[in-house]
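# Structural characterization, general
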Amino acid sequence: MNVQKTHYGLTEAVDGLPAGWYYDPAHYQREMAAIWRDSWVYVCHASEIAEPRCFRTIQIGDQDIVVLRAEDGGFRAFHNACRHRGSVICTEHKGKLNSKLLVCPYHQWSYAADDGRLVRTTSVAEPANFDKADFSLYPVAIHSWRGCLFVNLDPNAVFDPGLVFDRSSEAIDDYPLEDLVVIETWRKTMACNWKTFWENFNECLHCPNIHPELSKLVPVYGRRISDPRDLAGWEARIDDTDPAFSGGLRQGAETWSADGSAQGHLIPGISEANRARGQRYVTSYPGMFIGAYGDHVRTVRILPLGPEETEIAAEWLVTADTAADESYDRANIIDFAILVMGQDAWASELNQRGLHAAPFKHGVLMPEEHWVKSFHDWVRARVG
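Conventions and cut-offs
Residues numbered from 1 in each chain as written. Predicted model: local features only at pLDDT ≥ 70, side-chain atom pairs only at ≥ 80, totals over all residues. Heavy atoms only, no water. Helix = DSSP H or I, 4+ residues; strand = E, 2+ residues; numbered from the N terminus. Rg over C-alpha atoms; globule rule 2.2 N^0.38 Å. Buried < 20%, exposed > 50% of the residue type's maximum accessible area, 1.4 Å probe, protein only. Contact = heavy atoms within 4.5 Å. Areas by Shrake-Rupley, 256 points an atom, 1.4 Å probe, with all protein chains shown as cover. Lys, Arg positive; Asp, Glu negative; His and termini not counted. Charge placed at Lys NZ, Arg CZ, Asp CG, Glu CD. Salt bridge = Lys/Arg side-chain N within 4 Å of Asp/Glu carboxyl O. Phe/Tyr/Trp six-rings, centres within 6.5 Å; stacked < 30°, edge-to-face > 60°. Core = buried A, V, L, I, M, F, W, Y, C linked by side-chain atoms within 4.5 Å. Patch = residues over 30% accessible without salt bridge, like charges linked within 9 Å, V, L, I, M, F, W, Y side chains within 5 Å. Polar contact = N/O pair within 3.5 Å; in protein donor to acceptor, adjacent residues only side chain to side chain. Axes fitted to C-alpha atoms, helices over the stretch in contact; angles between N-to-C directions. Parallel < 35°, antiparallel > 145°, perpendicular 65-115°, else oblique. Left-handed = near helix turned anticlockwise from the far one by under 90°.

Attention now moves to the overall build of the chain. Looking only at helices and strands, the chain features 10 helices and 17 strands. In summary, the chain has a C-alpha radius of gyration of 23 Å against a globular reference of 21 Å for 384 residues, a match within 12%. With the C-alpha coordinates of the chain rotated into their principal frame, the extents come out at 80 × 55 × 35 Å. Expressed as a percentage of the 384 residues in the chain, the buried residues total 50%. For the chain, the share of sequence-separated contacts (at least 6 apart) that also reach a separation of at least 24 residues comes to 66%. Summed over all atoms, the accessible surface of the chain reaches about 17,200 Å², with 50% contributed by carbon and sulfur. Where the 37 positive side-chain charges of the chain centre and where its 53 negative ones centre are 3 Å apart.

This model, assessed by the stated rule, comprises 15 salt bridges. One salt bridge connects Glu-71 with Arg-53, and the closest N-O pair in it is separated by 3.4 Å. Of the two residues, Glu-71 sits in the loop between β4 (63-69) and β5 (75-79) while Arg-53 sits in the loop between β2 (41-45) and β3 (54-60), which places them 18 residues apart along the sequence. Glu-71 gets classed as partly exposed once you look at its relative accessible area, which sits at 33%. Overall, Arg-53 belongs to the partly exposed group, its relative accessible area being 23%. Each of Arg-187, Arg-301 and Glu-311 takes part in salt bridges that share partners, so that together they form one network.

Going through the model one piece at a time under the given rule, you end up with 25 aromatic pairs. Relative to Phe-375, the ring of Trp-194 has its centre 5.9 Å away and its plane inclined at 85°; by these criteria the two rings are edge-to-face. With a gap of 181 residues between them, Trp-194 in helix α3 (residues 194-201) and Phe-375 in helix α10 (residues 370-383) connect regions that are remote in the sequence. A residue is classified by how much of its surface remains accessible, and Trp-194, at 0% relative accessible area, is buried.

So, on to unusual backbone geometry. Cis rather than trans, the peptide bond between Tyr-285 and Pro-286 has omega equal to 5°. Among the secondary structure elements, Pro-286 is positioned in the loop between β13 (279-284) and β14 (288-293). At Arg-53, a residue that is not glycine, the phi angle is positive and equals roughly 80°. Of note, the phi angle at Gln-108 is positive, near 65°, even though the residue is not glycine.

All right, on to the nonpolar core then. Judged by nonpolar contacts, the single largest core of 64 residues is most densely connected at Trp-194, Trp-256 and Trp-316. Here this core takes 7 residues from helix α9 (residues 331-354), the largest share from any one element. Judged by nonpolar contacts, the second largest core, of 22 residues, contains Ala-141, Val-164, Ala-292 and Val-297.

Next up on the list: a negative patch on the surface. A contiguous patch of negative charge, built from Glu-184, Asp-259, Asp-329 and Asp-335, is present on the exposed surface. Structurally, the position occupied by Glu-184 is in strand β12 (residues 181-190). Overall, the relative accessible area of 34% leaves Glu-184 in the partly exposed class.

Secondary-structure assignment places Ser-110 in strand β8 (residues 110-112). Of note is the side chain of Ser-110, whose polar atom sits 3.4 Å from the backbone oxygen of Gln-108. Dropping the residues within four chain positions of it, Ser-110 is found in contact with Leu-101, Leu-102, Val-103, Arg-117, Leu-118, Val-119 and Arg-120.

Mapped onto the elements of the fold, Val-218 is located in the loop between α5 (212-217) and α6 (243-246). For the pair formed by Val-218 and Gln-343, sequence separation is 125 residues and the distance between their alpha carbons is 16 Å. What Val-218 contacts, discounting residues up to four positions off in sequence, is Gly-248, Leu-249, Trp-256 and Gln-279.

This brings us to the packing of α3 against α9. Contact geometry of α3 with α9 gives a least axis separation of 9 Å together with a crossing angle of 120°. As summarised for this structure, α3 and α9 are arranged oblique, according to the angle between their axes. Along this stretch, α3 crosses α9, giving a crossing that reads as right-handed. Seen from α3, the contacting residues are Thr-196, Phe-197 and Asn-200; seen from α9, they are Asp-344, Ala-347, Ser-348, Asn-351 and Gln-352.

Put into structure tokens, the structure is as follows:
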């Protein structure tokens, strides 16, 4: 028996973040500057922008970004703002350009979609001191990681997976992310701060009462912990095959779905360890996490809309063969995840409302909330 002497749980009570950090507009702006404008933020899977001139827009706080597929098959990203007087250029969330030009709907200034250079204005004449080369669209850094598109508002940012992912992406190296296709997307606006959602994600003290269905699928959650090593003394049951003590899905379950079944569509090539566990998670603060399961992968993106408003958006990805199989019951995975995410949203909104209590200065973290502390440490380090 090879026992790792690793206990995750906190050994003393720890103060949470100041309550005002969850609703104060001035602090929200500090976080936007210190965190969100200096981080890689997930946009969508590359298959959602499959053809040249297809585009998506994404709102990172008050920064509107357009991401598109270029004629050479690569990706480009720009601030969605005309250099004339600032008008938004792409007014839809997604679509396909009619030509190789991005045309402002206000005064029809036109930009080359491949590099953002200004091609033409609509003025009768251009001033002598006006040079089109000085008025290209503002670029945004973009990177395709294994078919997942990320942007960074710093045009010179370099994508380093070792820094971008807080929980190592190596755990899902055997999943063919690049080749999967999106079969469903879902979005919801939550009345909570973006950090409130992440705190909820990072603990399972709430799981038995908020997620009864999920706790049946993942028995360890029913013990109010996220991992067997969250509690002291876990080594004594390291060889116990009961998922409540070993982790993973319940006996016989293959994936994250209403009945636990993968319907004969397990993703080929997944390691035996990942197949047996049934779920793996990769996080990328501040904006997304990936859940990898037996028959599908789910990406979840978090975007702040204001101090007390956050958008959650999810994609469900499967193999092309699964997507083409009309007998595959998509609702089995989609409805289950929407149920769980809706429960998380309700809990996050509940938490958010209580933070305004006048005497409440900060919360306190209990032993099982070690991942919450790690998240708080990350926020404090970024904000300063």
